[in-house]
Amino acid sequence: MEVVSETCCFDGVQGVYRHPSKATGTEMTFGLFMPQEAQHGPVPILWFLSGLTCTHENAMIKAGAQCWAAEAGIALAYPDTSPRGHGVADDESYDLGLGAGFYVDATQAPWAPHFMMESYVIRDLPDLIMSNFQIDEDRQAITGHSMGGHGALTLGMRHPGRFRSLSAFAPICNPMASDWGRKQMTAYLGPDETAWSAHDASALMADRGFDGPILVDTGAADSNMDLLRPETLAQAIAARRQQATWRLQPGYDHSYFFVASFMEEHIAFHAEALWA
C-alpha cells in the first residue's frame, strides 16, 4: 500500500492511499479519515460510497464529514467508484464505465475483467484497511450518495450482519425501472432481468429488508427525482414495516450542498448504532 498523502484533520489524519486490488486487477485509490481515538485502539468505521462521475475525492473534500466523525470518534472510508487505468473498459457516456461502477460485480464483456466493485468494497478494500489501521471490524456502517446511495442500500441488504446501520443521500432506489439502472444492469449483468433484482434497493427491501436502522434523505427539489424513484423504496419500507426514517427535504437538490447540510445528522445516526 502506497501513502499518497496524510494530513492532520480535526486532530485526526485524513489519508489518501493507493494499492493493487485483487478484485479489480488494477491499482485503486481510496481516502481514509482516522480520528484521534485510533491512536489508542480500534475505532468503528463508516463507509461512504460516491455517485456517478466521482472518485474517492468528491465526498472526502465536499461532504464535510470529518468534523462530525472526529466528534463521534469513528473512521471514514472513501472508496473509488470504479476501476481505472490502462486496459480498463470505458464508454463515451458519463453513466457507464469509468466513474460508474454501480457497486456490482460485472459478468459481461468487456466489463467483467475489472468491474468487480461489490467484491472490492465488501472484501478487498476492507481486508486491506483492517490489516493496516486500527479499525473495529465488528462495528461497521455504510452510507452513500446517488449511485453510492444505491450501493449502500443494496450492499447493506445483500450482506446481512455486516453493517450495524445504513443510510443514503438521494439514492437510486429502483434501478430496474430507471434510466440510471437499466442501461448499467444490461451492460454489467446482461439482459436477463431476473439477475437485476438482487441489485435493486426497492426489490431487496421487499424481499429481505435490513437487520438494523435505516435513514434516507432526498432533496424535494432534486431534478433527478424520476431517475431516483424514491417512492418505490418508501412503499417497500412501509409494506415491510422496516425500521427506517425516510425524508424528503424541502428546497434541496442533488448536490453536495444537500449532502453537507445533513451530514451531521447521518454521522450522529450511525454513531448511535456503532457505539451501542
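Predicted model, so just to flag it, every value in this text is computed and none were measured.

Caption draft 1: The overall build of the chain, seen in detail. Of regular secondary structure, the chain possesses nine helices and nine strands. For 276 residues, the compact-globule estimate of 2.2 N^0.38 gives 19 Å, and the chain sits close to it at 17 Å. Along the first, second and third principal axes, the C-alpha set of the chain runs to 50 × 45 × 35 Å. Taking the intrachain contacts of the chain between residues at least 6 apart in sequence as the baseline, contacts between residues at least 24 apart amount to 72%. Per element, the accessible surface of the chain, about 11000 Å² overall, is 50% carbon and sulfur. One way to put it: in the chain the 16 positive side-chain charges average out to a point 6 Å from where the 33 negative ones average out.

Caption draft 2: Representation of the pattern of salt bridges. Scanning the model with the defined rule gives nine salt bridges in all. With a closest N to O distance of 2.7 Å, Arg-182 and Glu-193 form a salt bridge. With Arg-182 in helix α5 (residues 182-189) and Glu-193 in the loop between α5 and α6 (201-207), this residue pair connects regions lying 11 residues apart in the sequence. Between Arg-247 and Asp-217 there is a salt bridge, with the nearest N and O atoms lying 2.7 Å from each other. Here the residue Arg-247 occupies a position in strand β9 (residues 244-249), and Asp-217 occupies one in strand β8 (residues 214-219), the gap between them amounting to 30 residues. On the basis of relative accessibility, which here comes to 0%, the residue Asp-217 falls in the buried class.

Caption draft 3: Structural view of helix α9 (residues 256-274). Remark: the principal bend of α9, roughly 50°, maps to Phe-262. Three or more residues of α9 are buried, namely Tyr-256, Phe-258, Val-259, Phe-262, Met-263, His-266, Ile-267, Phe-269, His-270, Ala-271, Ala-273 and Leu-274. You can read the cap of α9 off the contacts: a side-chain oxygen lies 3.2 Å from the backbone nitrogen of Phe-257, and it is on Ser-255.

Caption draft 4: Looking closely at the packing of aromatic side chains. The tally for this structure, following the rule as stated, stands at 11 aromatic pairs. Look at Trp-111 and Phe-115: their rings are 5.2 Å apart centre to centre, the planes differ by 85°, and that puts the pair in the edge-to-face class. Taken together through their ring pairs, the aromatic side chains of Phe-48, Tyr-78, Phe-169, Tyr-252, Phe-258 and Phe-262 make up a single cluster.

Caption draft 5: Geometry of the packing of helix α2 (residues 65-72) against α9. One can describe the packing of α2 onto α9 by two numbers: an axis separation of 9 Å at closest approach and a directional angle of 30°. The angle between α2 and α9 falls in the class roughly parallel. Read as a crossing pair, α2 and α9 show a hand that is right-handed. For the pair α2 and α9, contact is made by Ala-65, Trp-68, Ala-69 and Ala-72 and by Met-263, Glu-264, Ile-267 and Ala-271, respectively. Its residues assigned to classes, the contact of α2 with α9 comprises seven nonpolar, no polar and one charged.

Caption draft 6: The side chain of Gln-184, seen in detail. With respect to the secondary-structure elements, Gln-184 resides in helix α5. For Gln-184, the residues in contact, after removing those within four places along its chain, are Asp-95, Leu-96, Phe-102, Asp-179 and Leu-189.

Caption draft 7: Quick look at the pairing of strand β2 (residues 12-20). Pairing between strand β1 (residues 2-9) and β2: seven bridges, direction antiparallel. Across the sheet, Thr-7 pairs through a bridge with Gln-14, a residue of β2. Note: β2 against strand β3 (residues 27-34), eight bridges, orientation antiparallel. By the bridge assignment, Tyr-17 is partnered in β3 with Phe-30.

Definitions and cut-offs
Residues numbered from 1 in each chain as written. Predicted model: local features only at pLDDT ≥ 70, side-chain atom pairs only at ≥ 80, totals over all residues. Heavy atoms only, no water. Helix = DSSP H or I, 4+ residues; strand = E, 2+ residues; numbered from the N terminus. Rg over C-alpha atoms; globule rule 2.2 N^0.38 Å. Contact = heavy atoms within 4.5 Å. Areas by Shrake-Rupley, 256 points an atom, 1.4 Å probe, with all protein chains shown as cover. Lys, Arg positive; Asp, Glu negative; His and termini not counted. Charge placed at Lys NZ, Arg CZ, Asp CG, Glu CD. Salt bridge = Lys/Arg side-chain N within 4 Å of Asp/Glu carboxyl O. Buried < 20%, exposed > 50% of the residue type's maximum accessible area, 1.4 Å probe, protein only. Bend = angle between axes of the 7 residues up to and from the residue. Polar contact = N/O pair within 3.5 Å; in protein donor to acceptor, adjacent residues only side chain to side chain. Phe/Tyr/Trp six-rings, centres within 6.5 Å; stacked < 30°, edge-to-face > 60°. Axes fitted to C-alpha atoms, helices over the stretch in contact; angles between N-to-C directions. Parallel < 35°, antiparallel > 145°, perpendicular 65-115°, else oblique. Left-handed = near helix turned anticlockwise from the far one by under 90°. Nonpolar A, V, L, I, M, F, W, Y, C, P; charged D, E, K, R; others polar. Pairing = 2+ DSSP bridges.

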